[in-house]
Amino acid sequence: VFGKSLSSPGVRAFWWPRFKRIAHWFTDFERARRAGGAEILALETPGELTVSGPAGDFKLTARADRIDRLAQRGLAILDYKTGQPPTAKQVISGLTPQLSLEAAILRDGGFKGVTAEAAGALTYVRLSGGRQPGEEKVLDLDVAEVTDTALAGLIKRIKAFDDPKTPYLSRPVPMFESRFGDYDHLARVKEWMAAEGGGE
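Bear in mind that the values here come from a model prediction, so they are computed numbers and not experimental data.

Asks: For helix α4 (residues 143–161), give the residues involved together with the corresponding values.
Replies: With 19 residues, α4 should reach 27 Å at 1.5 Å per residue; the first-to-last C-alpha distance of 27 Å fits that figure. Among the residues making up α4, those that are buried are Val-143, Val-146, Thr-147, Ala-150, Leu-151, Leu-154 and Ile-158. Mapping the buried residues of α4 onto a view down its axis gives an arc of 135°, with all of them on the same face. Elements that come into contact with the buried residues of α4 comprise β1 (39–53), β2 (56–70), α2 (88–93), α3 (98–107) and β4 (119–127). Between the side-chain oxygen of the N-cap and the backbone nitrogen of Ala-144 there are 3.1 Å, and the N-cap of α4 in question is Asp-142.

Written out as structure tokens, the structure reads:
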């Protein structure tokens, strides 16, 4: 698989050692997880949930990286990250609702091949290949509560955007200003940021 890529000196020198560290860490992680009774139910599986809004139905879609059944906590939704995963506080506040909304889809039976059931754990698996090649981060939160909160937040947002008077802001969350926004091109963000005093 890596054959052609490894012909590049940069890939061989930088990425290949990181990949090997990740592979060793992940193998150990997987062995320990299976020994603890975890069973993989789904990988890269699509899911959907239909929510009713004032202007009609809204279809929420997602692709879960992985869904496991754990011996003690029931179903767990796992998401692989190469960067820094969100904190429990960010998930609880609704700032990063990906796993919470996937839990809502799971509870509704919206993932293909997985029966409807409430999630018992939301987990990020960070794979960096650095000094700490991997890390399992089980979010310390009430999964049922954040699932309900995220779904209520989505419904509230659907209602707001069903109103034609609701503006589409290009930068609605200040803490993510360094990232590219979906509407930056329409708001001409690059133009006003390059202008004098654009940082204000």
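Asks: Talk me through the packing of aromatic side chains; I want residue IDs and the actual numbers.
Replies: Enumeration according to the criterion identifies seven aromatic pairs in this entry. Considering the side-chain rings of Trp-25 and Phe-29, the 5.1 Å spacing of their centres and the 10° angle between planes classify their relative orientation as stacked. Separated by four residues within a single helix, Trp-25 and Phe-29 lie in helix α1 (residues 9–35), roughly one turn from each other. For the pair Trp-25 and Phe-29, a shared accessibility class is recorded, and that class is buried. One aromatic cluster is present, built from ring pairs that chain together Trp-25, Phe-26, Phe-29 and Tyr-80.

Reading the values: rules and limits
- Residues numbered from 1 in each chain as written.
- Predicted model: local features only at pLDDT ≥ 70, side-chain atom pairs only at ≥ 80, totals over all residues.
- Heavy atoms only, no water.
- Helix = DSSP H or I, 4+ residues; strand = E, 2+ residues; numbered from the N terminus.
- Expected span 1.5 Å × (residues − 1).
- Buried < 20%, exposed > 50% of the residue type's maximum accessible area, 1.4 Å probe, protein only.
- Arc of directions from axis to C-beta.
- Contact = heavy atoms within 4.5 Å.
- Polar contact = N/O pair within 3.5 Å; in protein donor to acceptor, adjacent residues only side chain to side chain.
- Phe/Tyr/Trp six-rings, centres within 6.5 Å; stacked < 30°, edge-to-face > 60°.

Bear in mind that shape data such as this cannot, by itself, settle questions of function.
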